[in-house]
Amino acid sequence: MNILAIDTSNHVLGVAILKNEQVIGEIVTNLTKNHSTRLMPAIDALMKEVGMKTEDLDQIAVAKGPGSYTGVRIGLTTAKTLAWVLNIPIVGVSSLEILAYQGSFFEGYICPFFDARRGLVYSGLYKWKNNQLIPVYEDKNILMEAVLEKLKSEKERILFLSPEIDKFRQDILEQLGDKAVIPEGIFHIAKPSHLGLASLRYDAAETHELIPSYLRLAEAESNWLKQQKEKETHE
């Protein structure tokens, strides 16, 4: 099976091609540049590099969030368009789960998270069991303070993974001490090849029914809903 994996859900842009569970090509950039102008050229360059055509693809895998609202939309829109045009299955995978794959072979809990601003994070808790990555807590939008407070009661060591790890490093170590494990910087970046691998565990979605996993409304949407409620109150 040939899988094209696409992840633009956060700062990193990642594209990978897997053939029968083996990575045959991968592009990962960690740059402050617009994903919308770089994604298709990256896909095209990788396809040419590995000598594959779009009609050779059997499945599309895409990171469905949480993360950057714009980034998630770019990845999903591109992936769904390709899946529809090529008439092949598409699988959406949690961006947090993809990052948790960087903790492969870690024996304790794995806590991936993304900064959601104002003290909030998008976070989940995972654990490897029988060679499967299992969710312990569901992904949610939550105060980092609450995450650390909850993890204090866990007996196992906890591996923290995040592109924004430096922003929270001190709080993590102060709250959890030796129970917290923070690896080197390269492990805090999700890999699209892990997305491709993770997608094999899930059934394909209906292309037009696959939706982003924002975990909260965008600020503009939230403000609009608030305004509508205020209007209703005064009518």
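Residues numbered from 1 in each chain as written. Predicted model: local features only at pLDDT ≥ 70, side-chain atom pairs only at ≥ 80, totals over all residues. Heavy atoms only, no water.

A few points about the pairing of strand 8 (residues 132-143)
Pairing geometry for strand 7 (residues 120-129) and strand 8, over 9 bridges, is antiparallel. Counted as the bridge partner of Lys129 is Gln132 from strand 8. The antiparallel pairing of strand 7 with strand 8 creates a hairpin that spans 2 residues between the two strands, and Asn130 there sits at a positive phi of about 55 degrees. (Pairing = 2+ DSSP bridges. Helix = DSSP H or I, 4+ residues; strand = E, 2+ residues; numbered from the N terminus.)

Some points on the sheet that holds strand 10 (residues 180-181)
Spatially, the 5 strands line up as an open sheet ordered 8-7-6-9-10, and their pairing is mixed. A strand with exactly one partner marks an edge of an open sheet, and here the two such strands are strand 8 and strand 10. By the bridge criterion, 4 bridges tie strand 6 (residues 109-117) to strand 9 (residues 158-161) in an arrangement that is parallel. Along strand 9, the bridge assignment pairs Tyr109 with Ile158.

A look at the packing of helix 1 (residues 35-49) against helix 2 (residues 69-86)
Angle between the axes and distance between the axes are the two parameters that describe a pair of packed helices. Between helix 1 and helix 2, the shortest axis-to-axis distance is 10 Å and the interhelical angle comes to 35 degrees. When the axes of helix 1 and helix 2 are compared, the crossing they make is right-handed. Side by side, helix 1 and helix 2 meet where His35, Ser36, Leu39, Met40 and Ile43 of the first sit next to Gly71, Ile74, Gly75, Thr78 and Leu82 of the second. Per-class residue counts for the contact of helix 1 with helix 2 are 5 nonpolar, 5 polar and no charged. (Axes fitted to C-alpha atoms, helices over the stretch in contact; angles between N-to-C directions. Left-handed = near helix turned anticlockwise from the far one by under 90°. Contact = heavy atoms within 4.5 Å. Nonpolar A, V, L, I, M, F, W, Y, C, P; charged D, E, K, R; others polar.)

A look at the confidence of the model for the protein chain
Overall, the predicted model of the protein chain reaches an average pLDDT of 92, with 92% of residues at or above 70. pLDDT under 50 marks residues 218-226. Its contacts with residues more than four places away, or in other chains, come to 5 contacts. (pLDDT = per-residue confidence, 0-100.)

Considerations on the pattern of salt bridges
This structure, assessed with the given rule, holds 6 salt bridges. Residues Glu97 and Arg201 are paired through a salt bridge, measuring 2.9 Å at the closest nitrogen-oxygen approach. Residue Glu97 is located in helix 3 (residues 95-100), and its partner Arg201 is located in the loop between helix 6 (192-199) and helix 7 (219-234); the two are separated by 104 residues in the primary sequence. Exposure remark for Glu97: the relative accessible area of 5% places this residue in the buried category. Overall, the relative accessible area of 32% leaves Arg201 in the partly exposed class. Glu149 serves as the salt-bridge partner of Lys152, at 3.5 Å between the closest nitrogen and oxygen. (Salt bridge = Lys/Arg side-chain N within 4 Å of Asp/Glu carboxyl O. Buried < 20%, exposed > 50% of the residue type's maximum accessible area, 1.4 Å probe, protein only.)

What to know about the sheet that holds strand 1 (residues 2-7)
The strand order 3-2-1-4-5 describes an open sheet built from 5 strands, whose pairing is mixed. Looking along the sheet, the strands with just one partner apiece sit at the ends: strand 3 (22-29) and strand 5 (90-93). When the angles between neighbouring strand axes are averaged without regard to direction, this sheet yields 15 degrees. With 6 bridges connecting them, strand 1 and strand 2 (residues 13-19) associate as antiparallel partners. Paired with Ile3 across the bridge in strand 2 is Leu18.

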